[in-house]
Structures are given as structure tokens and as C-alpha cells.
Amino acid sequence: MTTKGQDIVSIIKQQIQQFGAPTTMVDVGTVVEVGDGIARIYGLGGARYNELLEFASGATGIALNLEEESVGAIILGEYGQVKEGEEVRCTGRIAEVPVGDDLIGRVINPLGVPIDGKGPLRTTKTRAVERVAPNVVRRKSVDTPVHTGIKAVDSLIPIGRGQRELIIGDRSTGKTAIALDTIIAQKGGNLKCIYVAIGQKASKVAQVVATLEKNGAMEHTVIVAANAAESVALQYLAPYSGCAIGEEFMEQGRDALVIYDDLSKHAWSYRQLSLLLRRPAGREAYPGDVFYLHSRLLERAAKMATEFGGGSLTALPIIETQAGDISAYIPTNVISITDGQIYLEADLFNAGIRPAMNVGLSVSRVGGAAQTKAMKKVAGRLKLDLAQFRELAAFAQFGTADLDKATRSQLERGQRITELLKQPQSVPMPLERGVTVLYAAVNGFMDDIPVDKVLAFEENLHKFIATTHPEINKAIATDKDISPQTDANLKKALGEFKQTVTL
């Protein structure tokens, strides 16, 4: 048989083998319009919302607008190579992100691509970035604190594991500082942290990484960064990716904390996408579903019931206000979704009160349920003293000469507590030290200390108790309570300290 005959025989054999093989159907469409990171595609009748699309040029997109004749998609990453007339295919996969312990200590983009120069990720497990929040049956009430190490927060506005606590204020009032201090305070603990940077300058993200590395906090932290230079599609996706990474820990029965910095920029990116997709504009040009944008994200934070693993995901969203206006559209939306807010005020920040927390407008709707018994015992009196101080301070500005002794002593205690709640950045305070110094304040041991010496008094007190009465700190750290014996030891130690201290 000639070579040509052999070729024909082999082709026939191949065709016989392939005869009856199953055919695969792929949904295919054509790009009819492209620009500003948005592609309008004719066809793709079977595309699902949030489905990944594959462009012939190699780009990836996500289907967002499912219309009768066409599909509106956002293009992830560079969109310059996408051209009109190009073929687009459905992948059958929803947008997903890598998850697992291998991400800890890494900086990734919202698609799970490492951007820290430390090589590829080793994890093979992925999760859909969007999913339905756990229902009421799977949840339980919040009962365990997230220790932030910030005296003002732990005592007055406690945060619980599974809570959503908003950090809100103008730019440069210390919002990110509170979030980073909370991450640093988890060093050596069992709370995994995810920091999501949305629309931040690359230099700011680099500063955050450097701060966390310097304080040894990258060992329990994942950073998801969609910088200002990235496409709005990636900025829109970032918080959902961060949430999916946290959910993986929660479903393993562990505790995770996710920080969204910040959701104002997230809303801006979604508004830009929506206008480009030609969705009808509503108030302040935001689309009608901008509330759902954040509610479906923040509702995924939960404290799971014991029979469902008992894990938790705590959310600390950040919102930037303009000129202190917390009644604007996006701030009021997010306030209504969260379980309380920490409101930071520019005037307090400029007056040197840092953290610049407005105690009157800040609230935690979980409250004492998210506090240890030790902190609850000192915090109750602290809140009362501060509330009375704020009330009296309004009258005292007209002159203190005519005030009676009791009123004057309340004013002076309030001034000392306000001074005591000041705290430098990146120096989180362990629970036992915070309880000890607040106990001294509410029980009158600081009433005769000059206001400008309060922080020096605090520092010396910590040293004195650590060296002469270490059993007090040990008892509070172990029991998380102030037992009658510890109470007596504290009073005795504070009495000794007052006799020896020289400021």
C-alpha cells in the first residue's frame, strides 16, 4: 500500500473512533462595543449574573448586565486588546478567588494574583467571591470580644466577634490607624485578619504593609489591594474577594476579621461602572441598588452557631465623610446596615485627642455582650462619668466659680478620663493593663493628679504593678474578671503606688 493509501486509512480509522463522540456546546457571543473597561456583547443567551467570560484576545470579563439582546460585561485588568467583532465565550464559572492559610502574609489583587513579589500562591482551593449570607438559623448572638488594644474602644464602644462596626469620619482623622491597631493587637492570638484596600494610593498600601511587618502583624494578615491606578472593575470586586477569604476561615470554625478601607471609594467605583453600563442613575447619580451593594457584603459577617462550626467573621467597614456630614447618602446607608459606629471628629483630632472618637455619636449595638467581665465592671462607671462630664462641660464654659464641689469634682474627673483615653498609634494595650488603669480612674485614684501628668501616672502605674504585684495582671488576664480578691489587691496596690509615686 502506498504512503498516500496509508494516510487515507489512518484518517478513516480516526473518524470511526470519533464517530458518536459527545459534542460540547459553548455559549458564544460577539463584542459589539467596547470602551472604558466595559464591553457590550451580542449573544451569550445563557450567561449568568457574575459569570466569568473569556475573550478571544485573552482578557477576562464578568457579566453584570443581562439584557434581552446583549450582555454588558466589565473587563478585568487591561482592556486595550479587546476589539469590536471579537468572539466571547461563557466559562460556566462564577468569579472566584484563592483561599486558605497559604494567603496569610501575602499581598494579592482581587483576582488572587500575588503583587508582593514573593512568588506564586501554593493554594489550589478557591471560593466564589459572591454568595448568600448565612441565615438566622445558622447564627448565634455575639458574645466574644475582639480585643482592639485601644482603651477608648474596648471600654466604651466594644466590638464583638461576628459584629459589623463602622469606622466613620473625615479624611485624616485616624480611621485606618484604628483598623491597623486592631490588627496589631491580634498578634499571638487566634484572629486572622484581612485588610482590603479599595482605591488607595499604592504608596499608602506600601505604608500599611510596612507598619504591619514592623509590628509583626503580617504573620496573621492577608492584604487584598485594588489600588487607585487599577480598573474600577477590580476596585468593585475587592471587598467581595476579601470577604470570601474571611468566610473560608469562618467555615473552618475559626475567627476572622475583615477591614474594608474604604466603602466610600467602593460606592464611587460601582457608580462609575453602573453609569458606563447605562443603568438609570438615582440620587447623587448612584444606581438604585447601591444599598444592596453594601448590604449583601456586610450581612456575610456573622457569628456561627456551635452546630455550624462556631466560627465568626467580623467586619470593620470604613466610610469617609465630607465636612463631617454623617447624614449623606452612603454614610446613612452603611450606618443602617452595621451594628454601630465609631465616629471620629476632625476637631477632636486637631485638639490632640487621639483616637479622635466622639463618644456621644459613637455606639455599639452589641454593647456589654462583647466585653469581658473585667472590662464591663470598669466600663459601666466610665460611661456614666463621661456622660455627666459632657453634660456639665456645656455649662462650665460660662465659668466654674459658682459651681459646687461635687460638680467641680465630676468635671475634673472627666478631664482626667479624657486625657487617659488618649493613646499613641501602634501601641495596643493588653486587656489586664487597660482594666487596671481604668479601674484607677473610675475609683478616684487619679482625681488629685494634674491633667498633664495623667499619661505619666499611667506609665508608672503599669511599671509598678508589673514589678511589685504581677499576680494582679496575671489574675485579670487568666480569669477575664475582677474577683473580690483581685479587687482588694488592686486597691492595696494603688494605695501603695500613690504613696511612692513622684511625677
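These notes cover the structure that comes with them. None of the values given here were measured: they were computed from a predicted structure.

About the cut-offs
- Residues numbered from 1 in each chain as written.
- Predicted model: local features only at pLDDT ≥ 70, side-chain atom pairs only at ≥ 80, totals over all residues.
- Heavy atoms only, no water.
- Patch = residues over 30% accessible without salt bridge, like charges linked within 9 Å, V, L, I, M, F, W, Y side chains within 5 Å.
- Areas by Shrake-Rupley, 256 points an atom, 1.4 Å probe, with all protein chains shown as cover.
- Salt bridge = Lys/Arg side-chain N within 4 Å of Asp/Glu carboxyl O.
- Helix = DSSP H or I, 4+ residues; strand = E, 2+ residues; numbered from the N terminus.
- Buried < 20%, exposed > 50% of the residue type's maximum accessible area, 1.4 Å probe, protein only.
- Disulfide = S-S within 2.5 Å.
- 1 Å grid on protein atoms, 1.4 Å probe; cavity = no way out; pocket = protein on both sides within 12 Å on 5 of 7 lines; lining within 4 Å.
- Points joined across faces, edges and corners; volume = space filled by probe spheres on them.
- Pairing = 2+ DSSP bridges.
- Axes fitted to C-alpha atoms, helices over the stretch in contact; angles between N-to-C directions.
- Contact = heavy atoms within 4.5 Å.
- Parallel < 35°, antiparallel > 145°, perpendicular 65-115°, else oblique.
- Left-handed = near helix turned anticlockwise from the far one by under 90°.
- Nonpolar A, V, L, I, M, F, W, Y, C, P; charged D, E, K, R; others polar.

## Quick look at a nonpolar patch on the surface
A cluster of nonpolar side chains, namely Ile8, Ile12 and Ile16, defines an oily patch on the protein surface of about 290 Å² accessible area. Residue position: Ile16 is located in helix H1 (residues 3–18). The exposure class of Ile16 is exposed, given its relative accessible area of 60%.

## Re the state of the cysteines
This structure, assessed with the given rule, holds 0 disulfides. Unpaired in terms of disulfides, Cys243 finds its nearest cysteine sulfur in Cys193, a separation of 14 Å. Judged by its relative accessible area of 0%, Cys243 is buried.

## Concerning the pattern of salt bridges
With the rule as written, the count across this model stands at 30 salt bridges. Put simply, Lys151 and Glu458 hold a salt bridge, and the shortest N to O gap is 2.8 Å. A residue pair is termed long-range when its members are at least 10 positions apart, and Lys151 in helix H2 (residues 151–156) and Glu458 in helix H13 (residues 454–468) qualify at 307 residues. Glu458 shares its class with Lys151; the two are buried. Each of Lys125, Arg127, Arg131, Glu247, Glu248, Glu251 and Arg300 takes part in one network of salt bridges that share partners.

## Points about the layout of surface pockets
The computed volume of the largest pocket comes to approximately 800 Å³. Lining the largest pocket we find 31 residues, and of these Gly174, Lys175, Thr176, Ala177 and Lys204 sit closest to its centre. Put simply, the parts of the chain that give the lining of the largest pocket at least two residues each are helix H3 (175–184), helix H4 (202–214) and strand E15 (312–320). The leading source of residues in the lining of the largest pocket is H3, at 6 residues.

## Points about the sheet that holds strand E1 (residues 28–35)
Strands sit in the order E1-E2-E5-E4-E3-E6 around a closed barrel of 6 strands; the barrel is antiparallel. Here the strands of the sheet are splayed against their neighbours by 45° on average, with no regard to which way each runs. Where E1 meets strand E6 (residues 87–94), 3 bridges bridge the pair, whose relative direction is antiparallel. Of the residues in E6, the one forming a bridge with Gly29 is Val88. Across the sheet, helix H5 (residues 232–251) lies against strand E4 (60–66) and strand E5 (70–76), angled at about 85° from E5, the strand it touches most.

## Considering the packing of helix H12 (residues 431–442) against H13
Where H12 contacts H13, the two axes come as close as 10 Å, and the packing angle between them is 120°. Here H13 runs oblique to H12, going by the angle between their axes. When the axes of H12 and H13 are compared, the crossing they make is right-handed. Between H12 and H13, the contacting residues are Arg433, Thr436, Val437 and Ala440 on the first element and Glu458, Leu461, His462 and Ile465 on the second. Residues of the contact of H12 with H13, tallied by class, amount to 4 nonpolar, 2 polar and 2 charged.

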